[in-house]
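# Results of the structural survey
Spelled out from the first residue to the last, the chains are:
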Amino acid sequence: MSRIEHDMLGEISVPADAYYGAHTARALTNFPITRETLADRPHLVTALAAVKQAAAAANAEVGALDPAKARAIAAACAEIRGGALHDHFVVDLIQGGAGTSTNMNANEVIANRALELLGHRRGEYGVLHPLDHVNLGQSTNDVYPTAVKLALDRHLAELLTALAGLRDAFGAKAAEFGDVLKMGRTQLQDAVPMTLGQEFGAFAATLAEDEQRLAEARLLLHELNLGGTAIGTGLNARPGYRERAVAHLRALTGIPTLVSAPDLIEATQDVGVFVQLSGVLKRVAVKLSKICNDLRLLSSGPRAGFGEITLPARQAGSSIMPGKVNPVIPEAVNQIAFEIIGHDVTVTLAAEGGQLQLNAFEPVIARALTAGLDHLTAGIGVLTRHCVAGITAHREHLADLVAASTGLVTALSPVLGYETASAIALEAHHSGRPALDVVRERALLTEEQLRELTTPEALTGRRVA
């Protein structure tokens, strides 16, 4: 069963039970690209509904829209924001037209549901029209970027929650391993002693820094060009509409810092905020990938590698090597990081490709950022639950490595001098004996001096219980 709708190109058949209309039907034919649809990004769908609901309320207040129609539009939007009708948001995430198909998909679904609420059939646009009423005082060029920013804000809230959980997990391990001495390494060579707690504490600290950077980038998303319509001049929007629409959005989203951009023409053509966010997201991904590299190194072996920690066993590691267990959780997060780094290149090129008063490539920017945020949030959750929370330390092995390492000599060099300390380190290395035994043989320091210079507090810079 189908119904016939029309647009500027003529008539087109639309499934009878579809809430979308002619423009969406054409987009389904034009853009069978990723097979990822708006419905796969529920935060974007609910953001579009919030923008349309705010616009309807503002248009009613400035006398541009009949209050009954505004109420029907608002009610339809509220249903969508509650999770209804998402399966009718069917256009591909990558599309030509700067997001016009996305905006029209939203206009048509909202219009047809509003028609039903008014007691009419879908497609009776003479009563309530997707463009004349749902899209009143708007353009794709202000609706789409506004909705993308609101969706990204939701994604960032979830990512920040996940990062805080991972930071807490590393912090808990830092406390648990606070008394575990080990050798620190630079350039993969023995350096100086530290505690395993300090190493895990550094992981927690670097994540805390990233939380701050993400929070800063998140605030930049709250400057909107809604009300600018096509190029930022506000053509076809009533006086007072812009301010009222943004105020309604603040109320609907619960984001008190949403503001209208001071220059709507600049804000309509500029996608710098997406470049900024992508860069910060890449920073998070790079640093998290480095942490995962460290976890894989520290757990390598278990007999022929570092073998300092054990990661929880999650699955059999080989179809041919019995007993092998691989660090599959950190490996998965590494791959998410690689994806996000690639997405950053996409966002950069798409931003640079904008021309004159509009960037036509925001759909690929939105897809890249939302996918990266989704995947990273999920990956961090998996890393927290299935890896970090269950890490254990090989305490005796770590103690043996500290005792045998020539890195202890560094703690003696302020007393012995660099040349003497170097000679001791070389002899210990070539003979395979502990460096402290060489010091004792040469009677260079008393036992009391050795104890003072090699206490955990002296070696690590903090008290070790």
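Please read these numbers as outputs of a predicted model, since none were measured by experiment.

### Side note on the overall build of the protein chain
Assigned secondary structure in the protein chain consists of 18 helices and 8 strands. Whereas a compact globule of 465 residues would reach a radius of gyration of roughly 23 Å, the protein chain reaches 30 Å, over 25% beyond that. Across its three principal directions, the C-alpha atoms of the protein chain cover 100 × 50 × 35 Å. By the burial criterion, 49% of the 465 residues in the protein chain qualify as buried. Taking the contacts inside the protein chain whose residues are at least 6 apart along the sequence as the reference set, 72% of them involve residues at least 24 apart. In the form shown here, the protein chain has an accessible surface area of approximately 20,800 Å², with 55% of it arising from carbon and sulfur atoms.

### Some details on the pattern of salt bridges
Using the criterion set out here, one finds 30 salt bridges in the structure. Measuring nitrogen to oxygen at the nearest pair gives 3.5 Å for the salt bridge that ties E209 to K287. Of this pair, E209 sits in helix α7 (residues 196-220) while K287 is found in helix α10 (residues 272-298), placing the two residues 78 residues apart along the sequence. Note on E209: relative accessible area 39%, which makes it partly exposed. Note that R433 and E441 form a salt bridge whose closest N and O atoms lie 2.4 Å from each other. Each of E79, R113, E116 and R122 takes part in a single network of salt bridges with overlapping partners.

### Looking at the nonpolar core
By size, the foremost hydrophobic cluster in this structure holds 114 residues, and its most contacted members are F170, F200, L295 and L383. It is helix α6 (residues 140-176) that contributes the most residues to this core, 16 residues altogether. Residues in contact with F170, not counting those within four places in the same chain, are F200, F203, A204, L207, I291, L295 and V388. Core analysis: the second largest hydrophobic core is formed by 17 residues, V409, A421, A435 and L445 among them.

### Observations regarding the UniProt feature "domain: Fumarate lyase N-terminal" (unreviewed entry) in the protein chain
The feature "domain: Fumarate lyase N-terminal" (unreviewed entry), as given by UniProt, occupies residues 10-342 in the numbering adopted here. Measuring from the first to the last C-alpha atom of residues 10-342 gives 41 Å, for a span that is 57% helix and 8% strand.

### Topic: the UniProt feature "domain: Fumarase C C-terminal" (unreviewed entry) in the protein chain
The UniProt record annotates "domain: Fumarase C C-terminal" (unreviewed entry) at residues 408-461. Measuring from the first to the last C-alpha atom of residues 408-461 gives 14 Å, for a span that is 76% helix and 0% strand.

### Comments concerning helix α2 (residues 42-61)
Over its 20 residues, α2 runs 29 Å from end to end, which matches the ideal 28 Å to within 8%, given 1.5 Å per residue. Counted residue by residue, α2 has 16 buried out of 20 residues, so it is predominantly covered. Where α2 terminates, the next one or two residues include G63, which has phi positive at roughly 80 degrees.

### Remarks on the pairing of strand β1 (residues 2-7)
Taken together, the 6 bridges between β1 and strand β2 (residues 10-15) define a ladder with antiparallel strand orientation. Paired with D7 across the strands is G10, a residue of β2. As consecutive antiparallel partners, β1 and β2 are separated by 2 residues.

### Quick word on the side chain of T384
Within the secondary structure, T384 sits in helix α12 (residues 362-386). Classification of T384 as buried rests on a relative accessible area of 15%. Those residues in contact with T384 that sit more than four places away from it in its chain are G165, L166, A169 and A389.

### Structural notes on a negative patch on the surface
The grouping of E223, D263, E266 and D270 at the surface amounts to a negative patch. With respect to the helices, strands and loops of the structure, E223 is situated in strand β5 (residues 223-224).

### Focus on the packing of α6 against α12
Viewed as axis vectors pointing N to C, α6 and α12 meet at an angle of 20 degrees, and their least axial separation amounts to 9 Å. Classified by the angle their axes make, α6 and α12 are roughly parallel. Read as a crossing pair, α6 and α12 show a hand that is left-handed. The residue inventory of the contact of α6 with α12, partitioned by class, reads 17 nonpolar, 5 polar and 3 charged.

### Considerations on a nonpolar patch on the surface
Together, V286, F338 and I341 give the surface a local cluster of nonpolar side chains, amounting to about 260 Å² of exposed area. Following the sequence through the fold, V286 ends up in helix α10.

### Brief notes about the environment of S431
Examined against the element boundaries, S431 turns out to sit in helix α15 (residues 418-431). With 52 residues separating them along the chain, S431 and G379 place their C-alpha atoms 46 Å apart. Engagement of the side chain of S431 in a polar contact is seen with the backbone oxygen of E427, the distance being 2.7 Å. In terms of polar contacts, S431 uses its side chain to reach the side chain of R433, at 3.2 Å.

### Considering the side chain of Q53
Relative to the assigned elements, Q53 resides in helix α2. Here Q53 falls in the buried class, since its relative accessible area comes to 13%.

About the criteria used
- Each chain carries its own residue numbering, running from 1 in the written order of its sequence.
- Totals for whole chains, interfaces and linings use all residues, but because this is a predicted model, local features are given only for residues with pLDDT of at least 70 and pairs of side-chain atoms are given and counted only at 80 or more.
- Calculation of side-chain values draws on the structure's entire complement of heavy atoms; hydrogens and water are dropped beforehand.
- Counting from the N terminus, the helices are DSSP H or I runs at least four residues long and the strands are E runs at least two residues long.
- Two things to know: the radius of gyration comes from C-alpha atoms, and the globule rule equals 2.2 Å times the number of residues to the power 0.38.
- Only protein chains enter the area calculation, which uses a 1.4 Å probe; residues under 20% of their type maximum are buried, those over 50% are exposed, and those in between are partly exposed.
- Contacts between residues were defined by any pair of non-hydrogen atoms, one from each residue, lying within 4.5 Å.
- To measure how exposed things are, a 1.4 Å probe is used in the Shrake-Rupley method; for residues, cover is taken only from the protein chains shown.
- Just to be clear on terms, a salt bridge is a Lys or Arg side-chain nitrogen sitting within 4 Å of an Asp or Glu carboxyl oxygen.
- In this description, a nonpolar core means a group of buried Ala, Val, Leu, Ile, Met, Phe, Trp, Tyr and Cys residues linked to one another through side-chain atoms lying within 4.5 Å.
- UniProt positions are given in the numbering used here, feature names are shortened, and annotations may be inferred rather than shown by experiment.
- In a helix, the anticipated span is given by 1.5 Å times the number of residues less one.
- For two strands to count as paired, DSSP must find a minimum of two bridges between them.
- Patch construction takes residues with relative accessible area above 30% that form no salt bridge. Like charges are linked within 9 Å, and nonpolar side chains (Val, Leu, Ile, Met, Phe, Trp, Tyr) are linked within 5 Å.
- Only four residue types enter the tally: Lys and Arg on the positive side, Asp and Glu on the negative side, with His and both chain ends excluded.
- Every charge is mapped onto a representative atom, which is NZ of Lys, CZ of Arg, CG of Asp or CD of Glu.
- Fitted lines through C-alpha atoms serve as axes, helices being fitted only where they are in contact, and the angles separating the N-to-C directions of these axes extend from 0 to 180 degrees.
- For classification, angles of less than 35 degrees are called roughly parallel, those exceeding 145 degrees roughly antiparallel, those between 65 and 115 degrees roughly perpendicular, and all remaining angles oblique.
- Here a crossing is taken to be left-handed if its near helix is turned anticlockwise relative to the far helix by less than a right angle, and right-handed if that turn runs clockwise.
- Each residue is assigned to one class: nonpolar for Ala, Val, Leu, Ile, Met, Phe, Trp, Tyr, Cys and Pro, charged for Asp, Glu, Lys and Arg, and polar for all the others, Gly among them.
- Here a polar contact means two N or O atoms within 3.5 Å. Within protein one must be a hydrogen donor candidate and the other an acceptor candidate, and residues neighboring in sequence count only if both atoms are side-chain atoms.

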